[in-house]
Amino acid sequence: MKRILIVDDDTELCELLQEYFSAEELASECVHDGLSAIEKVKESSADLVILDIMLPKMNGIDALKEIRKISKVPVIMLTAKGDEIDRVLGLELGADDYIPKPFSPRELVARIRAVFRRAETSNQNTSGILKIELNGVKLDSSTKEAFKDGVALSLTEVEFSILEQLMRAAGNVVERQELAFKVLGRRLTYDDRSLDVHMSNLRKKLGKNQSGTDLIKTIRGIGYLYVKPEN
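Residues numbered from 1 in each chain as written. Predicted model: local features only at pLDDT ≥ 70, side-chain atom pairs only at ≥ 80, totals over all residues. Heavy atoms only, no water.

### Focus on the overall build of the protein chain
A tally of helices and strands in the protein chain yields 8 helices and 12 strands. Taken over the C-alpha trace, the protein chain has a radius of gyration of 18 Å; the compact-globule value for 231 residues is 17 Å, and the two agree within 12%. Projected onto its principal axes, the C-alpha positions of the protein chain cover 60 × 35 × 30 Å. Per-residue burial for the protein chain yields a buried fraction of 46% across its 231 residues. Intrachain contacts of the protein chain at a sequence separation of at least 6 include 58% that bridge at least 24 residues. Total accessible area on the protein chain stands at roughly 12000 Å², and carbon and sulfur atoms take up 49% of it. Across the protein chain, the 34 positively charged side chains and the 38 negatively charged ones have centroids separated by 6 Å. (Helix = DSSP H or I, 4+ residues; strand = E, 2+ residues; numbered from the N terminus. Rg over C-alpha atoms; globule rule 2.2 N^0.38 Å. Buried < 20%, exposed > 50% of the residue type's maximum accessible area, 1.4 Å probe, protein only. Contact = heavy atoms within 4.5 Å. Areas by Shrake-Rupley, 256 points an atom, 1.4 Å probe, with all protein chains shown as cover. Lys, Arg positive; Asp, Glu negative; His and termini not counted. Charge placed at Lys NZ, Arg CZ, Asp CG, Glu CD.)

### Here we look at unusual backbone geometry
In the segment running from Lys101 into Pro102, the intervening peptide bond is cis, with an omega of -10 degrees. Mapping Pro102 onto the fold places it in the loop between β5 (97–101) and α5 (105–124). If you check the backbone angles, Lys144 has positive phi at about 60 degrees while not being a glycine. Within the fold, Lys144 resides in the loop between β7 (137–140) and β8 (145–148). With phi around 50 degrees, Asp149 is a residue other than glycine that occupies positive phi space. Within the element layout of this structure, Asp149 appears in the loop between β8 and β9 (151–153). Looking at Asp149, the relative accessible area reads 52%, which means it is exposed.

### Here's the deal with the nonpolar core
Core analysis: the largest hydrophobic core is formed by 29 residues, its most contacted members being Ile162, Leu163, Leu166, Leu179 and Tyr226. Mapped by element, the contributors of at least two residues to this core are β6 (131–134), β7, α6 (157–168), α7 (176–184), α8 (194–206) and β12 (223–226). Here this core takes 6 residues from α6, the largest share from any one element. In contact with Leu163, other than residues within four places in its own chain, are Val137, Leu139, Leu155, Leu202, Leu206 and Tyr226. Counting residues in hydrophobic clusters, the runner-up holds 23 residues, among them Val41, Ile53, Val88 and Leu91. (Core = buried A, V, L, I, M, F, W, Y, C linked by side-chain atoms within 4.5 Å.)

### Remarks on the packing of helix α2 (residues 34–43) against helix α3 (residues 60–70)
Between α2 and α3, whose axes approach to 9 Å, the crossing angle comes to 15 degrees. Taken together, the axes of α2 and α3 are roughly parallel relative to one another. With respect to the hand of their crossing, α2 and α3 are arranged in right-handed fashion. Contacts between α2 and α3 involve Gly34, Ile38, Val41 and Lys42 from the former and Ala63, Glu66, Ile67 and Ile70 from the latter. (Axes fitted to C-alpha atoms, helices over the stretch in contact; angles between N-to-C directions. Parallel < 35°, antiparallel > 145°, perpendicular 65-115°, else oblique. Left-handed = near helix turned anticlockwise from the far one by under 90°.)

### Side note on a negative patch on the surface
Among the surface-exposed residues, Asp9, Asp10, Glu12 and Glu15 lie close enough to one another that they form a single negatively charged patch. Following the sequence through the fold, Glu12 ends up in helix α1 (residues 11–23). (Patch = residues over 30% accessible without salt bridge, like charges linked within 9 Å, V, L, I, M, F, W, Y side chains within 5 Å. Salt bridge = Lys/Arg side-chain N within 4 Å of Asp/Glu carboxyl O.)

### Regarding the pattern of salt bridges
Within the structure shown, the criterion is met by 20 salt bridges. The shortest N-O distance in the salt bridge between Lys101 and Asp8 comes to 2.8 Å. In this pair, Lys101 sits in strand β5 while Asp8 sits in the loop between β1 (3–7) and α1, placing the two residues 93 residues apart along the sequence. Judged by relative accessible area, which is 24%, Lys101 ranks as partly exposed.

### Concerning the state of the cysteines
Applying the stated criterion across every chain yields a total of 0 disulfides. Summary of cysteine pairing: Cys14 is not part of a disulfide, and the nearest cysteine sulfur, belonging to Cys30, is at 3.8 Å. (Disulfide = S-S within 2.5 Å.)

### Looking at α6
In a regular helix each residue adds 1.5 Å, so 12 residues correspond to 16 Å; α6 covers 16 Å between its end C-alpha atoms and thus fits that length. Among the 12 residues of α6, 9 are classified as buried, and the element is accordingly described as predominantly covered. (Expected span 1.5 Å × (residues − 1).)

### Section: the packing of α7 against α8
In contact at an axis separation of 11 Å, α7 and α8 are set at 85 degrees when each is read in the N-to-C sense. Classified by the interaxial angle, the pair formed by α7 and α8 is roughly perpendicular. The segment α7 lies against α8, with Arg176, Leu179, Ala180, Val183 and Leu184 engaging Ser194, Leu195, Asp196, His198 and Met199. Across the contact of α7 with α8, the residue classes break down as 6 nonpolar, 2 polar and 2 charged. (Nonpolar A, V, L, I, M, F, W, Y, C, P; charged D, E, K, R; others polar.)

Everything listed is a geometric property; what it means functionally is a separate question.
Below, the structure written as structure tokens:
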């Protein structure tokens, strides 16, 4: 059974989510402040963290920074409706996804299952090719490691998944909604910038190729393309 760590100071919401998760065969426990969240991540084997931004002792953004120093556990941020700055910052710091309050438990469970599904799909590696190397970038799907010109890239799971999808289709355009579904487990709404932020972070970490151009091109109105070597 998958284990969920809920971090929110709203005790009634925590009880509601725990009851709902139990019906969905998801084990869960709650803590109510940012410092406790960090300690729980250190000592527990949670498969996913639900992290509210507005927390006592240490807010969710600062807690996420500390969590990312010690763990790659998937994190879904809970944000106030309309707080785009917090959403973007959370994604930039390594959150896998976000969901604005108020939300339905059913929608949250759908997001959780999407995160787990992405990880399972990646682990199955249906193409059978574990290692890819293009334009000085090397990916190892078995270890989730990535290198650029021999230097390790510190990628989040979402960033790794995006890069893997694009490199496997090198030279071909991957449609934006198709990519979102594969790496986030859902289609994007008109105001959802999740994929944009993950893509921006990935590009910064990748840098340019030897000719000084981007390794990932945006095909406006369609999607993205990983540049295929010209040789």
